[in-house]
Amino acid sequence: MTASLLAEGGGQWIRVVLTIYSCVSFALLWVGFAVALVVDRGWLDQLWSWLRGLPAALEILAWIAFLPIAVSLWIWQAPWPTSLRTVGFFGILAWTLLAISSLVRLVRSTPR
């Protein structure tokens, strides 16, 4: 399969790799977020402090690369009621799943 994808110019191969990478990456990030919520919520505070302590250019890049998790950390730090934060978390999680499913659909619909 990989040889045929490379023979076709590599465009499909790149889409497949990016789709797999994004699915695995965000799954691991969300699992880590859930583990931190269950085990020690202080980890989320430390991660937020680390993110906010980066130099501006690196912080911007981190926000772009890890947008759903960065927004979730921002929601975690917000002085909102627990119910509103919960709705926010599930909204961001749903947005992540929708984005990943769109990538998967794109890869599957591209002619081979």
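Residues numbered from 1 in each chain as written. Predicted model: local features only at pLDDT ≥ 70, side-chain atom pairs only at ≥ 80, totals over all residues. Heavy atoms only, no water.

Participant: It is not clear to me how the overall build of the protein chain should be interpreted in this structure. Could you clarify?
Facilitator: Counting its regular elements, the protein chain contains six helices and zero strands. In the protein chain, the succession of α and β elements from N to C terminus is α-α-α-α-α-α. Taken across its 112 residues, the protein chain has 30% of its residues classed as buried. Just so you have it, the protein chain exposes about 7500 Å², and 73% of that area is on carbon and sulfur atoms. (Helix = DSSP H or I, 4+ residues; strand = E, 2+ residues; numbered from the N terminus. Buried < 20%, exposed > 50% of the residue type's maximum accessible area, 1.4 Å probe, protein only. Areas by Shrake-Rupley, 256 points an atom, 1.4 Å probe, with all protein chains shown as cover.)

Participant: Please clarify how the nonpolar core should be interpreted in this entry.
Facilitator: Looking at soluble globular proteins, one finds that nonpolar side chains tend to be buried together. Counting 18 residues, the largest nonpolar core has W30, F33, L44, L51 and L73 as the members making the most contacts within it. Looking at this core, the elements with two or more residues in it are α2 (11-39), α3 (42-53), α5 (67-77) and α6 (82-109). No other element matches the six residues that α5 contributes to this core. Not counting residues within four places of it along the chain, the set of residues in contact with L73 comprises F33, L44, L47, W48 and L51. (Core = buried A, V, L, I, M, F, W, Y, C linked by side-chain atoms within 4.5 Å. Contact = heavy atoms within 4.5 Å.)

Participant: Looking at this structure, I do not really get the packing of aromatic side chains. What am I missing?
Facilitator: All chains considered together, the criterion is met by four aromatic pairs. Ring geometry for W74 and W80: centres 5.3 Å apart, planes at 85°, overall edge-to-face. Looking at W74, the relative accessible area reads 42%, which means it is partly exposed. In this structure an aromatic cluster arises from ring pairing among W30, F33 and F89. (Phe/Tyr/Trp six-rings, centres within 6.5 Å; stacked < 30°, edge-to-face > 60°.)

Participant: Sorry, what's going on with α5 here?
Facilitator: An α-helix turns once per 3.6 residues; consequently, residues spaced three or four apart project the same way. Within α5, eight of the eleven residues are buried, leaving the element largely enclosed by the surrounding structure. For α5, the full list of buried residues reads P68, I69, A70, V71, S72, L73, I75 and W76.

Participant: Is there a simple way to think about the environment of R52 in this case?
Facilitator: Among the structural elements, R52 can be located in helix α3. Each C-alpha atom, one on R52 and one on A62, is 10.0 Å from the other, the two residues being ten residues apart in sequence.

Participant: Please clarify how the packing of α2 against α5 should be interpreted in this entry.
Facilitator: Helix packing for two helices is described by the angle between their axes and how far apart those axes are. Put simply, α2 and α5 touch, their axes get as near as 10 Å, and they point 20° apart. As summarised for this structure, α2 and α5 are arranged roughly parallel, according to the angle between their axes. Considering the relative orientation of α2 and α5, their crossing is right-handed. Between α2, through F26, L29, W30, F33 and L37, and α5, the contact on the second element is made entirely by P68, I69, S72, L73 and W76. (Axes fitted to C-alpha atoms, helices over the stretch in contact; angles between N-to-C directions. Parallel < 35°, antiparallel > 145°, perpendicular 65-115°, else oblique. Left-handed = near helix turned anticlockwise from the far one by under 90°.)

Participant: Help me out: how do you make sense of the packing of helix α4 (residues 56-65) against α5 in this one?
Facilitator: Where α4 meets α5, the closest approach of the two axes is 5 Å, and the angle between their N-to-C directions is 105°. Taken together, the axis directions place α4 and α5 in an arrangement best described as roughly perpendicular. Contact with α4, carried on its side by A62, W63, I64 and A65, involves L67, A70, V71 and W74 of α5 and no other residues of that element. Of the residues in the contact of α4 with α5, the class split is eight nonpolar, no polar and no charged. (Nonpolar A, V, L, I, M, F, W, Y, C, P; charged D, E, K, R; others polar.)

By themselves these figures say nothing about function.
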